[in-house]
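Chains, contacts and geometry: an overview
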Amino acid sequence: AQKITQTQPGMFVQEKEAVTLDCTYDTSDPSYGLFWYKQPSSGEMIFLIYQGSYDQQNATEGRYSLNFQKARKSANLVISASQLGDSAMYFCAMRDNYGQNFVFGPGTRLSVLP
Amino acid sequence: DSGVTQTPKHLITATGQRVTLRCSPRSGDLSVYWYQQSLDQGLQFLIQYYNGEERAKGNILERFSAQQFPDLHSELNLSSLELGDSALYFCASSVSGFAGNTIYFGEGSWLTVV
């Protein structure tokens with residue numbers, strides 16, 4: 001069965017520094033997609049970045065990059081140059097072709113300190 | 001703006017009542033997903049539809065039902081409401097159900113049962 005683990009319930013980072021949010025996953029399907037979403041206090045879920053299981057390079061989107069280590073089944077999100085507006089819950093998610101549905105981890109609450 | 005529209009944004013109702021949440025997916029998206037987010041349960045997958053047909057089912061209670069109409073909009077019906085049903089209900093959509101397709105979320109419907 002699909003499973004996503006995020007071991008950091010909460011993280012603090014100083015403004016302008018980089019931070020890594022951990023995500024490990026479990027699937028037996030060789031074809032899968034990994035996603036990160038941001039949920040600010042207002043509640044909406046904002047798509048940040050996607051990594052496909054067959055992608056050769058790590059995904060990047062602006063200040064977001066995904067550190068994909070397939071053998072370790074990890075897909076960590078790296079946020080560079082943190083901003084106060086980055087304070088939010090961050091969810092790692094996965095979908096494979098077996099499960100069809102989209103499985104989310106429990107989330108990490110990031111607080112950016114001025 | 002993700003392009004996924006959910007109504008109503010906020011809803012307060014009494015125990016035992018029935019409510020309907022409505023979702024319009026992004027233009028061109030055939031898959032619709034419903035999720036429930038409560039404080040103690042995290043983000044729980046409820047059900048997925050693809051082009052009008054139920055594709056996957058998660059932890060959806062028997063008191064809840066959903067459907068996707070020919071114009072691809074979807075409705076989630078919640079009946080015999082209990083206090084524990086108070087949550088943020090998300091609709092999300094994607095082009096299809098394949099692993100690489102990103103899911104985009106609506107802003108959610110906040111349901112409070114009193």
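Structural notes, computed from the coordinates. (Residues numbered from 1 in each chain as written. Chains lettered and ligands numbered in written order. Predicted model: local features only at pLDDT ≥ 70, side-chain atom pairs only at ≥ 80, totals over all residues. Heavy atoms only, no water.)

Examining the overall build of chain B
How we decide: Helix and strand definitions follow DSSP, with helices as H or I runs of at least four residues and strands as E runs of at least two, each counted in order from the N terminus. Here the radius of gyration uses the C-alpha set of atoms, whereas the globule reference equals 2.2 Å times the residue count to the power 0.38. Using a 1.4 Å probe on the protein chains alone, a residue whose accessible area is under 20% of its type maximum counts as buried, one over 50% counts as exposed, and one in between counts as partly exposed. Each accessible area is a Shrake-Rupley estimate made with a 1.4 Å probe; only the visible protein chains count as cover when residues are assessed. A residue counts as positive if it is Lys or Arg and as negative if it is Asp or Glu; His and the chain ends are not included. For charged residues, the charge sits on one atom: NZ in Lys, CZ in Arg, CG in Asp, CD in Glu.
Summing up its helical and strand segments, chain B has 0 helices and 11 strands in all. Ordered by position from the N terminus, the helices and strands of chain B form the series β-β-β-β-β-β-β-β-β-β-β. Against the globule reference of 13 Å for 114 residues, chain B gives a C-alpha radius of gyration of 13 Å, in line with a compact fold. In terms of overall dimensions, chain B has a C-alpha envelope of 40 × 30 × 25 Å along the principal axes. Within the span of chain B, comprising 114 residues, buried residues form 51% of the whole. Summed over all atoms, the accessible surface of chain B reaches about 5400 Å², with 48% contributed by carbon and sulfur. One finds the centroid of the 7 positive side-chain charges in chain B at a distance of 2 Å from the centroid of its 11 negative side-chain charges.

Side note on the sheet that holds strand β1 (residues 5-7) of chain B
Residue and element names in this part refer to chain B. Formally: Only strands that DSSP links by at least two bridges are regarded as paired with each other. For helices, the fitted axis covers only the stretch in contact; all axes are lines through C-alpha atoms, and the angles between them, taken along N-to-C directions, range from 0 to 180 degrees.
The 4 strands lie next to each other as β1-β3-β8-β7, forming an open sheet whose pairing is antiparallel. Because the sheet does not close on itself, it has two edges, and the strands there are β1 and β7 (64-68). Neighbour-to-neighbour, the strand axes of the sheet open up by a mean angle of 15°, direction not taken into account. In terms of strand pairing, β7 meets strand β8 (residues 74-78) through 5 bridges, oriented antiparallel. Its bridge partner being in β8, Ala66 is matched across the sheet by Leu76.

Quick word on the state of the cysteines
Going by this rule: For the purposes of this analysis, a disulfide is any pair of cysteine sulfur atoms at a distance within 2.5 Å.
Applying the stated criterion to the full structure yields 2 disulfides over all chains. One disulfide bridge connects A:Cys23 with A:Cys92, the sulfur atoms lying 2.0 Å from each other. What sets the handedness of the A:Cys23 and A:Cys92 disulfide is the S-S torsion sign, and at about -60° it is left-handed. Here A:Cys23, found in the loop between β3 (19-21) and β4 (24-26), pairs with A:Cys92, found in strand β10 (residues 88-96); they are 69 residues apart in sequence, far enough to count as distant. Accessibility classification places A:Cys23 together with A:Cys92 in one group, the buried group. Between the sulfur atoms of B:Cys23 and its disulfide mate B:Cys91 the distance is 1.8 Å. Because the torsion about its S-S bond is -55°, the bridge between B:Cys23 and B:Cys91 counts as left-handed. Residue B:Cys23 is found in strand β3 (residues 19-24), and its partner B:Cys91 is found in strand β9 (residues 87-94); the two are separated by 68 residues along the sequence.

A closer look at the interface of chain A and chain B
Going by this rule: Note on definitions: a residue-residue contact is assigned when non-hydrogen atoms from the two residues lie within 4.5 Å. Buried area is calculated as the accessible area (1.4 Å probe) missing from two parts once they are joined, with the contributions of both summed. Salt bridge, as applied in this entry: a Lys or Arg side-chain nitrogen positioned within 4 Å of an Asp or Glu carboxyl oxygen. Each polar contact in these results corresponds to two N or O atoms within 3.5 Å; when the atoms are within protein, one needs to be able to donate a hydrogen and the other to accept it, and residues that are neighboring in sequence are counted only if both atoms are side-chain atoms. Just so you know the grouping, Ala, Val, Leu, Ile, Met, Phe, Trp, Tyr, Cys and Pro go in nonpolar, Asp, Glu, Lys and Arg go in charged, and all remaining residues, Gly too, go in polar.
Taken residue by residue, the interface counts 20 residues in chain A and 23 residues in chain B. For the pair chain A and chain B, the summed buried area comes to about 1600 Å², and 56% of that belongs to carbon and sulfur atoms. Our count for the contact surface shared by chain A and chain B stands at 0 salt bridges. Applying the counting rule to chain A against chain B returns 5 residue pairs in polar contact (both at pLDDT 80 or more). Mapped by element, the contributors of at least two residues to the side of chain A that touches chain B are β5 (32-39), β6 (46-52) and β10 of chain A. Sorting elements by how many residues they give to the side of chain A that touches chain B places β5(A) first, with 5 residues. In terms of residue class, the side of chain A that touches chain B is built from 9 nonpolar, 8 polar and 3 charged.

Remarks on the side chain of B:Gln6
Residue and element names in this part refer to chain B. Counting through the fold element by element, Gln6 comes out in strand β1. In this structure the side chain of Gln6 is engaged in a polar contact, spanning 2.9 Å, whose partner is the backbone oxygen of Tyr89. Among the polar contacts listed, one links the side chain of Gln6 to the backbone nitrogen of Cys91, at a separation of 2.9 Å. The contacts of Gln6, once residues within four sequence positions are left out, are Arg22, Trp34, Tyr89, Phe90, Cys91, Gly106, Glu107, Gly108 and Ser109.

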